[in-house]
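Structural characterization, general
Listed here are the chains, written in short residue letters.
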Amino acid sequence: MPHFVSTEKETAQNMNDMTSDFACLKVSILQKASRISDKVDQITIGPDSIACDENSIQTENIENELNSCNVDNSKKCYNSKSEAKVSTRSGITFSIKKILLENERHRKEEVRKAIDHRWKQMEESRRAMQKEMTILRSTMAKQRVQQEAEELARLEAEEERAAQQSEMRRKHEQQLHAQREVERKQKLEREAEEHRQKIKEREELIGKVTPLQLMFRTKCEDIGMLSNVCKDKKTASHVIAPHIVKLKELSHLMDLISKRACTGELTQADVDAAEAIVRHSETVLQLFELEIERIDAAYDAEIARREYEAKQAELQAEAEAKRNQNNVDVQDSAINYGTQFTDNQLPSEENKGTEKYDDPVCAPQESVSSVPQTHVVETPVTNVASEEDAKDILDNDSLQLCLTCGQFLKSHLASYQDLLKSDSSKKLLFEWRKAINIPVNAISGISGHHLTDKYDKLHQLLAGKGMSNNSQSVQGVAFCKDMLAKKIVNQGETLISSKPKMAFPIAAVAVALWNDYPDFGVLLLAHFHKTSPYTIPIFPARYEGQSDENYSRSLGYRDSENGDMETEDKYLKRMSGLMRLYVSIMVTRQRKGVTKDHPHGLRNAWRWLAATLNAVPRAELADVYATLMLDVLEVAGNALWSAYPKQFPKLLSLLTSQYYLHMQKSGAAGGPMSRLEAFLNNCISKGGIPPPEGQLPPNFW
């Protein structure tokens, strides 16, 4: 270890050196004092001191100068008077300066030795420190290597433990996952078994309820037959009145049970209730039979009594009886005679009741529409459109199309009524409805393959695939065509009224099926006309004495959920959806590879616009006019402008300058009017109408 502190021996030597120096100094001072003591007789220190003689100072300085250098004694010349010497008791004389110089030399030598000694100690300390540092670094390096090895071993051990734990967790998770999969599979199997059990129970309950419903219907029919064969119908009507009230209650309860059976909510309590209803109906039937027998017996007795009285009267007044008999014959003849009136007389052009503009709009020659070519048997049109409705139709083509489609729908509905009345066909009807609803609800413009798949399913259904080749299959195809047409029209009311883009995929499938089955197209038009009179177009006028409810229903209003008439907003939204779907069918292109003419093409859109513009709009229907006109122009405007580049701008000009102004003058104002005005101004300023949003591209499928 380095020694930074002096030892005790060295400290004592240093103290001796210092005391020797003070002794020499003291001797020197005493020598100088003795030398000048005989020459100084005045005060030399303090405020009363007197200046020394210059000669003495000079002499002292000269002496000092002579003693200031270390010169060989043989070569120096000393002034015996001025040289300061000290004599000891032994007679030895020596120079103070030499002593001092020698002391100084010894001191320097000692200092040099001390410095050298100190330097050696520091050098030894440095070497010792370096050696210790080397040893320390080596030790620390070994320790660091050992620690690193230990840390590496610890980390490897931790990694090994983590890997083992991870493997254990993975195996545990796999076991849990496998266990959960097994439990889920078991749960699904249990649920499937429960569902099958419920279905089986429901089918059993339905199997129990169906004969009970049939028995109840048979009892009701028997009661009706008894009332018809009763001899005294007037008395029978009074007698049957309380029983009819009871039968209506029972029928209402049976209808509720039937609805629960359709929704899958049927329970054993409902079956018991149905059995109780059948027992009540049997009781009513028995009571009614007894009452009818009593009424018939009383009637027969009354007839016998009257016959007896008649015979007595005949014997008394035969002539008068003959006269009375003649009067009875005359009355019977008058009753049986009558005049037959028919409803199929169409209104003439003069009594249509619609005002015309001075410059009416008429469609181009190629746009005159005719009834689609179908295998429809021409029959007299009855009860399709009343005379009042016919007056509201705006042109002869629209009238003829409406009447023909309505008559075809009427005959088509009658063609499968036996199927609806048959109890054995209820399951088939349910399956056919399901086969129609699922594809139609799934129609969308995702891809051409998706659209083709839905079309193929509906096409096979309308072709009767999977149906047995008998009369039931013929009626089944008729039922499916009518249900499909009704379902597509219903999509316009529900889906397209809220999502207008969906009109084009549905219209594409409808046009494709219309090409394959023209009678389906006629049914589709008939349901459009039946649901919305504006698709004909008809804008019904209110005749004198007509109630608000009756007039609203003639416009197509429906009851809301709470039983009141639906609001105008919902009504306009529903009519808009129907019109968008109807016009989308007109502008939809044919499928790839189809060379047929469009079954209900763009010319019908022109016919609708021309017929509507040729009539004077009524203020109470201004919102309807504006909403439907905007729908037709947004969907078919681009195609009409391309097909009729000269005539269509004239039609828009007439719509803007006369028709729209006429509606404004009639006091019509509101959101639909504002939207129609903005659309017309935009079209005229840009010189065109953009394609409708959501329209399928050419050759999409």
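Because the structure is predicted, anything quoted here is derived from the model rather than measured. (Residues numbered from 1 in each chain as written. Predicted model: local features only at pLDDT ≥ 70, side-chain atom pairs only at ≥ 80, totals over all residues. Heavy atoms only, no water.)

**Topic: the overall build of the chain**
Looking only at helices and strands, the chain features 20 helices and 2 strands. Within the chain, the fraction of its 701 residues that count as buried is 32%. For the chain, restricting intrachain contacts to residue pairs at least 6 apart in sequence, the fraction spanning at least 24 positions comes to 75%. Split by element, the accessible area of the chain, about 44,400 Å² in all, is 54% carbon and sulfur. (Helix = DSSP H or I, 4+ residues; strand = E, 2+ residues; numbered from the N terminus. Buried < 20%, exposed > 50% of the residue type's maximum accessible area, 1.4 Å probe, protein only. Contact = heavy atoms within 4.5 Å. Areas by Shrake-Rupley, 256 points an atom, 1.4 Å probe, with all protein chains shown as cover.)

**Digging into the packing of aromatic side chains**
Taken as a whole, this structure holds 10 aromatic pairs when the rule is applied. With a centroid separation of 5.6 Å and an interplanar angle of 80 degrees, the aromatic rings of Tyr-416 and Phe-479 are classed as edge-to-face. One end of the pair, Tyr-416, is in the loop between helix H8 (396–415) and helix H9 (417–421); the other, Phe-479, is in helix H12 (residues 471–498), with 63 residues separating them in the sequence. A single burial state applies to Tyr-416 and to Phe-479, both of which are buried. When the ring of Trp-606 is compared with that of Tyr-644, the centres are 4.9 Å apart and the planes differ by 65 degrees; the resulting orientation is edge-to-face. Taken as a pair, Trp-606 in helix H17 (residues 603–613) and Tyr-644 in the loop between helix H18 (622–643) and helix H19 (647–665) lie far apart in primary sequence, 38 residues in all. An identical accessibility class is assigned to Trp-606 and Tyr-644; each is buried. Taken together, the aromatic side chains of Tyr-534, Phe-539, Tyr-625 and Tyr-659 make up a single cluster linked through ring pairs. Against the face of Trp-701 rests Arg-591, its NZ or CZ located 4.2 Å from the ring centre. (Phe/Tyr/Trp six-rings, centres within 6.5 Å; stacked < 30°, edge-to-face > 60°. Lys NZ or Arg CZ within 6 Å of the ring centre and 35° of its normal.)

**Focus on the packing of helix H16 (residues 568–587) against H18**
Contact geometry of H16 with H18 gives a least axis separation of 9 Å together with a crossing angle of 25 degrees. By the angle between their directions, the pair H16 and H18 is classed as roughly parallel. Judged by the twist between their axes, the crossing of H16 over H18 is right-handed. Contacts from Glu-568, Tyr-571, Leu-572, Met-575, Ser-576, Met-579, Arg-580, Val-583, Ser-584 and Val-587 of H16 reach H18 at Asp-623, Val-624, Thr-627, Leu-628, Asp-631, Val-632, Glu-634, Val-635, Ala-636 and Ala-639. Taken together, the residues of the contact of H16 with H18 break down into 12 nonpolar, 3 polar and 5 charged. (Axes fitted to C-alpha atoms, helices over the stretch in contact; angles between N-to-C directions. Parallel < 35°, antiparallel > 145°, perpendicular 65-115°, else oblique. Left-handed = near helix turned anticlockwise from the far one by under 90°. Nonpolar A, V, L, I, M, F, W, Y, C, P; charged D, E, K, R; others polar.)

**Re the confidence of the model for the chain**
Per-residue pLDDT for the chain has a mean of 77; in total, 74% of the residues score no lower than 70. The lowest-confidence element of the chain is helix H6 (residues 318–336), averaging 45 in pLDDT; the highest-confidence one is helix H13 (residues 503–516), averaging 96. Below a pLDDT of 50 lies the segment residues 1–6, which in the model reaches 8 contacts outside its immediate sequence neighbourhood of four places, other chains included. A low-confidence stretch, residues 326–391 stays under pLDDT 50, and its non-local contacts, those more than four residues away or across chains, total 79 contacts. (pLDDT = per-residue confidence, 0-100.)

**What about the packing of H19 against helix H20 (residues 671–686)?**
Contact geometry for H19 and H20: axes closest at 11 Å, N-to-C directions at 155 degrees. As the angle between them shows, H19 and H20 are arranged roughly antiparallel. Crossing angle aside, the handedness with which H19 passes H20 is left-handed. Together, Leu-652, Leu-655, Thr-656, Tyr-660, Met-663 and Gln-664 of H19 and Met-673, Leu-676, Glu-677, Leu-680 and Ile-684 of H20 make up the contact between the two elements.

**Some remarks on empty space enclosed by the protein**
Evaluated as defined, the whole model comprises 2 cavities of 30 Å³ or more. The volume enclosed by the largest cavity comes to roughly 120 Å³. If you trace the largest cavity, you find 14 residues lining it, with Thr-588, Arg-589, Leu-696, Pro-697 and Trp-701 closest to the centre. Taken together, the residues that form the lining of the largest cavity break down as 8 nonpolar, 4 polar and 2 charged. (1 Å grid on protein atoms, 1.4 Å probe; cavity = no way out; pocket = protein on both sides within 12 Å on 5 of 7 lines; lining within 4 Å. Points joined across faces, edges and corners; volume = space filled by probe spheres on them.)

**So, the pattern of salt bridges**
Within the structure shown, the criterion is met by 25 salt bridges. With a shortest N-O distance of 3.0 Å, Arg-112 and Asp-116 are connected by a salt bridge. One end of the pair is Arg-112 and the other is Asp-116, both in helix H3 (residues 96–229) and 4 residues apart, which spans about a single turn. The partner of Glu-158 in a salt bridge is Arg-154, with the nearest N and O atoms 2.5 Å apart. Separated by 4 residues within a single helix, Glu-158 and Arg-154 lie in helix H3, roughly one turn from each other. What makes Glu-158 partly exposed here is its relative accessible area of 32%. Using a relative accessible area of 36% as the deciding quantity, one classes Arg-154 as partly exposed. Through salt bridges with shared partners, a single ionic network connects Glu-493, Arg-558, Glu-566 and Arg-574. (Salt bridge = Lys/Arg side-chain N within 4 Å of Asp/Glu carboxyl O.)

**Re the layout of surface pockets**
Here the largest pocket is characterised by a volume of approximately 1,000 Å³. Residue lining of the largest pocket: 25 residues in total, with Ile-206, Ala-261, Cys-262, Lys-426 and Lys-427 positioned closest to the centre. Among the residues making up the lining of the largest pocket, the classes are represented as 10 nonpolar, 5 polar and 10 charged.

**So, the nonpolar core**
One finds Tyr-534, Leu-633 and Phe-648 to be the most contacted residues of the largest nonpolar core, which totals 98 residues. Residue contributions to this core peak at 12 residues, all from H18. Counting residues in each nonpolar core, the second largest holds 23 residues, with Leu-205, Ala-236, Val-284 and Ile-292 among its members. (Core = buried A, V, L, I, M, F, W, Y, C linked by side-chain atoms within 4.5 Å.)

**Describing a nonpolar patch on the surface**
There is a patch of nonpolar side chains on the surface, built from Met-129, Met-133, Leu-136 and Met-140 and spanning about 360 Å² of accessible area. With respect to the element layout, Met-140 can be found in helix H3. (Patch = residues over 30% accessible without salt bridge, like charges linked within 9 Å, V, L, I, M, F, W, Y side chains within 5 Å.)

**Description of the side chain of Thr-588**
Among the secondary structure elements, Thr-588 is positioned in the loop between H16 and H17. There is a polar contact of 2.4 Å between the side chain of Thr-588 and the backbone oxygen of Ser-584. Ignoring anything within four residues of it in the chain, the contact list for Thr-588 reads Ala-507, Ala-508, Val-511 and His-598. (Polar contact = N/O pair within 3.5 Å; in protein donor to acceptor, adjacent residues only side chain to side chain.)

**As for unusual backbone geometry**
Between Ile-536 and Pro-537 the backbone carries a cis peptide bond, its omega angle lying at 5 degrees. The residue Pro-537 is located in the loop between helix H14 (518–531) and helix H15 (548–555) in this model. For Asn-699, which is not a glycine, the phi torsion comes out positive at approximately 55 degrees.

**Quick word on H19**
Its 19 residues place the ends of H19 26 Å apart at the C-alpha level, agreeing with the 27 Å of an ideal helix rising 1.5 Å per residue. Where H19 bends most, at Leu-655, the angle is about 40 degrees. Buried within H19 are the following residues: Phe-648, Leu-651, Leu-652, Leu-654, Leu-655, Tyr-659, Tyr-660 and Met-663. At its buried positions, H19 is contacted by H17, H18 and H20. (Expected span 1.5 Å × (residues − 1). Bend = angle between axes of the 7 residues up to and from the residue.)

**Here's the deal with the state of the cysteines**
What the rule picks out here adds up to 0 disulfides. Summary of cysteine pairing: Cys-402 is not part of a disulfide, and the nearest cysteine sulfur, belonging to Cys-405, is at 7.5 Å. In this structure Cys-402 comes out as buried when scored by relative accessible area, which is 9%. Taking the relative accessible area as the measure of exposure, Cys-405 reaches 0% and is therefore buried. (Disulfide = S-S within 2.5 Å.)

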